[in-house]
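# Structural characterization, general
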Amino acid sequence: MDQLAFIADILLPALWGGLLVTLQLIAAAAPFGVLIGAGIAVGRVYGSRPVQYFSRAYVAFFKGCPLLLLLFILYFGLPSAGISLSPFTASVLGFIFCNSAYDSEYIRGAIKSIREGQFTAGLALGMTRGQVIRNVILPQALRRAIPGLVNEFVYLIKYSSLAYMITVIELTGAGKMVATRYFTYNETFLVIGLVYLSLVTVTTIGAHLLERRVAVPGMASGRH
Amino acid sequence: MTTDDTILRVEGLAKSFGTTEVLKEISFTVRKGETKAFIGPSGTGKSTLLRCINQLIVPDRGRVYLHGEEVTHAGAKINQYRAKIGMVFQNFNLFDHLTALRNVEIALLKVKGMKEGEAREKALFELRRVGLEDRADHYPAQLSGGQAQRVSIARALAMDPDVMLFDEPTSALDPELTGEVLEVIRELAQNGMTMLIVTHEMRFALSIADEICFMEHGTILERGPPADLRDSPAFERTRQFAGRFAEL
Ligand SMILES: Nc1ncnc2c1ncn2[C@@H]1O[C@H](COP(=O)(O)OP(=O)(O)O)[C@@H](O)[C@H]1O
Ligand SMILES: [Mg+2]
C-alpha cells in the first residue's frame, strides 16, 4: 500500500519530467543522426577522394570514441577551447555524432546493395549524380537500412541515460534522485526499466508499421 | 553546324581498359530516321561504343556530335545531351522503388522540370505507346521481363530523344517475350525514330535496319545495307555469325 502510494504520488511525477527530457534528447538527436549518417554514407561511396577520407575518419573516430568520453569532452572539455555548451546541447551533439556514425554504416551497406545499373540509367536520362543519389539511390537505400537504423534508435533510447553523467536530469537521473532521497532503489529502477522497455517496444512496433508502409512489392528489404 | 540531315556523328572513338583496346577509332554518321544495327560477338566493344556516345564511358580519343554540337568534352552540359539521347539497357535498369508510371515520370520532373500533371499525362501517353497503360501502378518486380523492358523504352521515349540507343534490348528475355519488345522497336523505326541497336537478333536487324555494322575486336569490320550483307558477306566471320542466326 505504502509502496503504491510512493510510486503514484512521488516516483511517477518525478519520472514524468525525466521522461520528457529523455524524449527530447532522442527527438533532437535521431533525425540528425539519420540525416548526417546518410550524408556520410553518400560521401564514402560517391565522394571525391578527400570527401571519402573525411567520411571514413568521421566514422572511425566516432565509432571508436566511447560515448561517455565524448560527452565529457563536449561538456567539460570544450569550454577551455572557448565553447560552452549547455548539458542538453552537449548530450544531443554527442548522440548525433555517435548515432550518425553507426547509421552511416547501415546506409552505406544498403547503397552498395543497389544494382549499379539504376545509377547508370539515371545518368542516361540526363540526371545529375546528385539527382540520381537523391531520387534513385537514397530512397531505396534508406528503405533497406530501416532495420539497422531502428537498431541504432533503440540503442539511442538506452544510451540517452548517459546524459545524466553531464548533469542532464533525464529519466534515469530523475529516478536516481528519487531513489537516493527515499531509499527506494528497487521500486524506482524497476519502474524505470519498465519505462525503457515500453519505449523500446513502441519503437519496434512503430518500425514495423513504417517498414510495411514504405515497402515496395518485390524489393528486398534490409532483413536477410 | 551540319546542313544535311545528320543527327549523330561519331569520329575516331577509341577506348582502352588497361592494356585492352576495346574501341579502335570507330567512325560513322547517323541520319535522321535511320536505324543502324550493330552485331558481333560478345566482348567486341558494342556496349562500350554506345556508352561512349552518351559519355557514360569517357572515350580516350575521338568525338561525338549531336546535331553538330560536340557531346564529348561537354562538361556540365553533358546532362542536357544525355537527356536527348535515350538509352535502353539489356537489364532494363528500372528504378525498383517506383511504379511504372513514376519510372517514366521521374526524369520529366527532375530533368525537364515539368509540372506533376503535365509529366503524368506525358508518362501515361508513353506507357500507352508501348501498350502498358494498364500496368502504370505496377512496380518493376510485378512486371514480366518483356513488360519491364517496354516500360524502360517508354521511360527513354518520354524525354523526346533525338536518337535512341538500344543495348541488346532482348538478350535478358525469355524467347517468348522478345517478340513484344521487338514489335515496339519496329514501330519506332517505322515512325521515323533515329536508332542505334546492338542486337543478336539477326533476322530482326536485317528486317528493320537501314545499315548493319558488323563489329569485331573494337572495329567495324563490315557495314552496309542488310541486303548486301545478307547476300554477299565479304568477311568469313560475318557469314559465320550471320549464318548462325539465319537458321533461326
Ligand atoms: N568498365 C570496364 N572495365 C574493364 N574492362 C571493361 C569494362 N567494360 C568493358 N570492358 C571490357 O571491354 C570489352 C568490351 O566490352 P563490351 O563493350 O561490353 O562488349 P560487347 O558489348 O560487345 O559484348 C570486354 O572485353 C570487356 O571485358
Ligand atoms: Mg554488350
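Read on for an overview of the structure. Only a predicted model underlies this, so the values are computations on that prediction, with no experimental measurement involved. (Residues numbered from 1 in each chain as written. Chains lettered and ligands numbered in written order. Predicted model: local features only at pLDDT ≥ 70, side-chain atom pairs only at ≥ 80, totals over all residues. Heavy atoms only, no water.)

Residue and element names in this part refer to chain B. In the neighbourhood of ligand 1, the contacting residues comprise Phe17, Val22, Pro41, Ser42, Gly43, Thr44, Gly45, Lys46, Ser47 and Thr48. For ligand 1, whose free accessible area comes to 560 Å², the fraction covered by protein is 56%. No other element matches the 3 residues that helix 1 (residues 46-53) contributes to the shell around ligand 1. Here the shell around ligand 1 is composed, by residue class, of 3 nonpolar, 6 polar and 1 charged. (Near = heavy atom within 4 Å. Areas by Shrake-Rupley, 256 points an atom, 1.4 Å probe, with all protein chains shown as cover. Helix = DSSP H or I, 4+ residues; strand = E, 2+ residues; numbered from the N terminus. Nonpolar A, V, L, I, M, F, W, Y, C, P; charged D, E, K, R; others polar.)

In this structure the tally under the stated criterion is 13 aromatic pairs over all chains. Between the aromatic rings of Phe62 of chain A and Phe97 of chain A, the centroid separation amounts to 4.5 Å while the plane-to-plane angle is 5 degrees, which identifies the pairing as stacked. Remark: Phe97 of chain A occurs in helix 4 (residues 87-112) and Phe62 of chain A occurs in helix 2 (residues 49-64); sequence separation between them is 35 residues. On the accessibility criterion, Phe97 of chain A (22% relative accessible area) is partly exposed. Aromatic rings pair up to connect Phe54, Tyr58, Phe61, Phe62 and Phe97 of chain A into one cluster. Taking the ring centre of Tyr65 of chain B as reference, the NZ or CZ of Arg9 of chain B above it sits at 4.4 Å. In this structure, Arg155 of chain B is placed above the aromatic ring of Phe95 of chain B, and the distance from its NZ or CZ to the ring centre is 4.6 Å. (Phe/Tyr/Trp six-rings, centres within 6.5 Å; stacked < 30°, edge-to-face > 60°. Buried < 20%, exposed > 50% of the residue type's maximum accessible area, 1.4 Å probe, protein only. Lys NZ or Arg CZ within 6 Å of the ring centre and 35° of its normal.)

Residue and element names in this part refer to chain B. Residues Met195 and Ile197 line one face of strand 8 (residues 195-198) and the alternating positions Leu196 and Val198 line the opposite face, and both faces are buried. Bridging between strand 7 (residues 163-167) and strand 8 involves 4 bridges; their strand directions are parallel. Across the sheet, residue Met164 finds its bridge partner in strand 8, namely Met195. Taking the sense of rotation as the criterion, the β-α-β connection linking strand 7, helix 6 (residues 175-190) and strand 8 turns out right-handed. (Pairing = 2+ DSSP bridges. Right-handed = clockwise from strand over helix to strand, strands pointing away.)

Chain A puts 22 residues into the contact, and the matching count from chain B is 25 residues. The junction of chain A with chain B conceals about 2,000 Å² of combined surface from both sides, 64% of it contributed by carbon and sulfur atoms. A per-residue breakdown of the area chain A buries against chain B is headed by Ala124, Leu125 and Pro217 of chain A, which together make up 29% of the total. Taken together, the connections running from chain A to chain B amount to 1 salt bridge. Among the ionic pairs, Asp96 of chain B bridges to Arg115 of chain A, the shortest N-O distance being 3.2 Å. Summed over the shared surface of chain A and chain B, the result is 6 residue pairs in polar contact (both at pLDDT 80 or more). Examining the composition of the side of chain A that touches chain B, we find that 7 residues originate from one element, helix 5 (residues 116-124) of chain A, more than from any other. Of the residues in the side of chain A that touches chain B, the class split is 10 nonpolar, 10 polar and 2 charged. (Contact = heavy atoms within 4.5 Å. Buried area = accessible area lost by both parts, 1.4 Å probe. Salt bridge = Lys/Arg side-chain N within 4 Å of Asp/Glu carboxyl O. Polar contact = N/O pair within 3.5 Å; in protein donor to acceptor, adjacent residues only side chain to side chain.)

Fair warning: the whole summary comes from geometry, so function is off the table for now.
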